[in-house]
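# Report on the structure
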Amino acid sequence: MASKNDMKRRMKSIRDLRQMTRAMQLISQIKRGKAMRLLDKSKPFYVYTMRTMNEIMIQSPNLFDPLFQRRKKAAGSTWKIRIILVPAEEGMAAAYSLKVLRHAEKLADELLEHVRAQGYDAEVRFQSLGRSMAHRLAEDGYLSLEDIPCEKKEPDYYFSHDLASQILGDYHHEVFDEVYFVYMHMNTKVSSDPFYIRMFPADALGLRLLTKKMLSAEELEYENAYISKLKHRRLDFEPNELEVIKYLESAYATAMLYGILNEAYAAEQTFRMQSMDSATTNADELLEDLQALMNQTRQAEITEELNEIIAGASSLDQH
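What this report covers is the structure whose coordinates are included nearby. (Residues numbered from 1 in each chain as written. Predicted model: local features only at pLDDT ≥ 70, side-chain atom pairs only at ≥ 80, totals over all residues. Heavy atoms only, no water.)

### Here we look at the overall build of the chain
The secondary structure content of the chain amounts to seven helices and five strands. Counting from the amino terminus, the chain carries its helices and strands in the arrangement α-β-α-β-α-β-α-β-β-α-α-α. A compact globule built from 319 residues should have a C-alpha radius of gyration of about 20 Å, whereas the chain, at 29 Å, is more than 25% larger. Along the first, second and third principal axes, the C-alpha atoms of the chain reach 115 × 45 × 35 Å. (Helix = DSSP H or I, 4+ residues; strand = E, 2+ residues; numbered from the N terminus. Rg over C-alpha atoms; globule rule 2.2 N^0.38 Å.)

Structure below.
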């Protein structure tokens with residue numbers, strides 16, 4: 001059994017650790033509140049952009065544009081796929097980033113199999129937004145592009161616009177044929193799961209699924225009724241189809257990226273808050289156990305001293 005001094009030193013270390021985790025929990029709680037407000041503010045832009053894309057793809061299924069349709073490439077040519085990860089910032093959130101990484105690797109394996117089955121030579125490259133995951137990807141046998149620097153800690157619309165424009169430019173110049181984002185999607189106010197969405201070309205099913213995930217039950221009922229009516233309507237482009245798509249692709253890319261970053265930021269702060277809360281609770285339980293053990297040790301010492309006193313008194317009486 002450890003000595004009292006050892007237990008005291010251990011309890012001091014745990015109290016110091018608890019103080020740190022409690023402080024980090026409060027910081028994350030404040031950041032989470034701000035992140036949820038940002039997410040709520042960006043949600044209308046995010047959702048209605050996806051709805052607009054859905055409308056076009058439902059009402060104009062034969063519209064041929066790189067934004068909506070996959071490119072035509074010769075069999076045997078290289079089909080280039082870019083997967084962009086949105087991990088957590090450095091520090092105390094490795095499990096969060098690992099979830100994103102594993103989901104991205106699973107997606108890559110599925111895409112490689114699917115593309116090769118279509119007769120193409122598949123190439124998947126990863127990019128990380130902010131925190132680098134290149135070393136982990138290399139350990140798992142995947143290729144990475146240069147990380148995307150992200151100096152701002154919170155989602156920023158202008159950063160999203162600039163990055164979306166860069167990705168859109170790369171797509172039009174055929175630097176890649178598909179681009180996916182993998183991030184943590186907020187299922188509820190307190191839970192999140194890894195999720196992926198294909199940004200280019202736009203994925204009708206993926207956008208519909210994500211839209212449904214973002215809506216309440218009442219909003220979803222209205223959305224389903226609205227979509228069922230779209231198939232019987234004719235869509236007109238003013239002033240013309242080219243001008244509308246040119247504007248829409250930039251707005252779509254920016255809205256999607258800004259919405260993804262807001263979701264990921266809210267999910268990260270929620271994860272950090274919950275992790276630090278669990279760590280604080282574990283520290284409290286350890287302190288209780290150590291305090292109980294300390295009390296047992298002290299009681300044992302007192303009992304031993306009393307026995308010695310009694311034994312000494314009995315010895316004196318015999319003499």
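### As for the nonpolar core
Formed by 74 residues in total, the largest nonpolar core has its most connected members in Ile83 and Phe200. In terms of residues, this core owes the most to one element, helix H7 (residues 241-318), which gives 13 residues. Not counting chain neighbours up to four residues away, the residues in contact with Ile83 comprise Ala104, Leu107, Ala108, Leu111, Val124, Arg125, Phe126, Gln127, Tyr180 and Val182. Of all hydrophobic cores here, the second largest spans seven residues; its members include Met11, Ile14, Leu287 and Met294. (Core = buried A, V, L, I, M, F, W, Y, C linked by side-chain atoms within 4.5 Å. Buried < 20%, exposed > 50% of the residue type's maximum accessible area, 1.4 Å probe, protein only. Contact = heavy atoms within 4.5 Å.)

### Concerning the environment of Leu209
Locating Leu209 in the fold gives a position in helix H5 (residues 204-214). On the basis of relative accessible area, Leu209 is assigned to the partly exposed category, the value being 44%. Residues Leu209 and Ala122 lie 87 residues apart in sequence; the distance between their C-alpha atoms is 26 Å.

### With respect to the environment of Phe176
The topology assignment puts Phe176 in the loop between helix H4 (157-172) and strand E4 (178-186). The class for Phe176 is buried, based on a relative accessible area of 2%. Once residues within four sequence positions are removed from consideration, Phe176 is found in contact with Arg71, Lys80, Arg82, Ile167, Asp170 and Tyr171.

### Thoughts on the pairing of strand E1 (residues 78-85)
Burial analysis of E1 places six of its eight residues in the buried class, the great majority of the element. Across five bridges, the pairing between E1 and E4 is parallel. The partner of Ile84 across the bridge, within E4, is Phe181. (Pairing = 2+ DSSP bridges.)

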